[in-house]
Amino acid sequence: MCNCLSAAPDGWVDRSDFNRACCYDTEAAALATVPPAAKDDFELFAYSLVGEKLDADGGRVAVEPDDFLDPRLPPLPQPPAGALPGFDPLGWDVVSHEGHLGFGHSPLSCNSMAEEIPVNRACLIGSLEEALKLAQRFDREAPEPGPYFVVRVMRRVLARASVLP
């Protein structure tokens, strides 16, 4: 995801050991990007791409990551069945994909659309259905270049004090 609200560890992209979504398949691989002295300065997030979206007429269509993510990078891991152990679900985000590496911006945070759209304290949507409808709206209105996809956001707190509850 983009770095509009928070910074990634310096040089993480130079490692080139991430998957097609520019995410890491394991917690260990993600943590390896953070210098040991800075581990308390970062939180670890997990993202799960929702495998469907709504078309212009409200019909559900399958989302195939291999159709839009860079095939030169390793494929996405299979999502776990059920909850991801050790991670707390925070909600759903609607993110753009502009044809570059990984995903782009979330109009909720990057374009301040959370001021007009009800979100939780993490600036995320509380239900999958509402997130799917919002992705459909963003596809139509294009607050950032799209298309838009829904991802579930989960968090494991690494820092001593968290900004979010």
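Below you will find a few notes about this structure. (Residues numbered from 1 in each chain as written. Predicted model: local features only at pLDDT ≥ 70, side-chain atom pairs only at ≥ 80, totals over all residues. Heavy atoms only, no water.)

Okay, the packing of aromatic side chains next. Tallied over the entire structure, the rule returns two aromatic pairs. Between Phe68 and Phe149, the ring centres sit 4.1 Å apart and the planes meet at 10°, which makes this aromatic pair stacked. Highlighted residues: Phe68 in the loop between β3 (60-62) and β4 (88-96) and Phe149 in strand β5 (residues 148-156), separated in sequence by 81 residues. Each member of the pair Phe68 and Phe149 is classed as buried. (Phe/Tyr/Trp six-rings, centres within 6.5 Å; stacked < 30°, edge-to-face > 60°. Helix = DSSP H or I, 4+ residues; strand = E, 2+ residues; numbered from the N terminus. Buried < 20%, exposed > 50% of the residue type's maximum accessible area, 1.4 Å probe, protein only.)

On the secondary structure map, Glu144 appears in the loop between α3 (128-141) and β5. Buried Glu144, no salt bridge; nearest opposite-charge side chain is Arg137, N-O distance 13 Å. For Glu144, the contacting residues outside a window of four places in its chain are Ser96, Glu98, His105, Pro107, Cys110 and Asn111. (Lys, Arg positive; Asp, Glu negative; His and termini not counted. Salt bridge = Lys/Arg side-chain N within 4 Å of Asp/Glu carboxyl O. Contact = heavy atoms within 4.5 Å.)

Our focus in this paragraph is the sheet that holds strand β1 (residues 44-49). Taken in spatial order, the three strands line up as β1-β5-β4 in an open sheet, and their pairing is antiparallel. Where the open sheet ends on each side, the last strands, each with one partner, are β1 and β4. Averaged over all pairs of adjacent strands, the angle between their axes in this sheet comes to 30°, without regard to strand direction. Across the sheet, α3 lies against β4 and β5, angled at about 135° from β5, the strand it touches most. (Pairing = 2+ DSSP bridges. Axes fitted to C-alpha atoms, helices over the stretch in contact; angles between N-to-C directions.)

Formed by 15 residues in total, the largest nonpolar core has its most connected members in Val94, Ile117, Leu134, Phe138 and Val150. Contributing elements (two or more residues each) for this core: β4, α3 and β5. Among the elements that line this core, the one with the most residues is α3, at five residues. In contact with Val94, other than residues within four places in its own chain, are His105, Ser106, Pro107, Ala131, Leu134, Ala135, Phe138, Tyr148, Phe149 and Val150. Counting residues in hydrophobic clusters, the runner-up holds twelve residues, among them Val63, Phe68, Leu69 and Leu90. (Core = buried A, V, L, I, M, F, W, Y, C linked by side-chain atoms within 4.5 Å.)

All told, the structure shown has ten salt bridges when counted by the stated rule. For the salt bridge of Arg60 with Glu129, the shortest nitrogen-to-oxygen distance reads 2.7 Å. Note that Arg60 is positioned in strand β3 and Glu129 in helix α3, a separation of 69 residues in sequence. The shortest N-O distance in the salt bridge between Glu116 and Arg137 comes to 2.7 Å. Of the two residues, Glu116 is situated in the loop between α2 (107-110) and α3 and Arg137 in helix α3; the sequence distance between them amounts to 21 residues. Take Glu116: its relative accessible area is 54%, and that puts it in the exposed class. Among the residues examined, Arg137 registers a relative accessible area of 22% and is labelled partly exposed. Because the salt bridges share partners, they merge into one network encompassing Glu52, Arg60 and Glu129.

To continue, consider the environment of Glu64. With respect to the helices, strands and loops of the structure, Glu64 is situated in the loop between β3 and β4. Sequence-wise, Glu64 and Val50 are 14 residues apart; in three dimensions their C-alpha atoms are separated by 9.7 Å.

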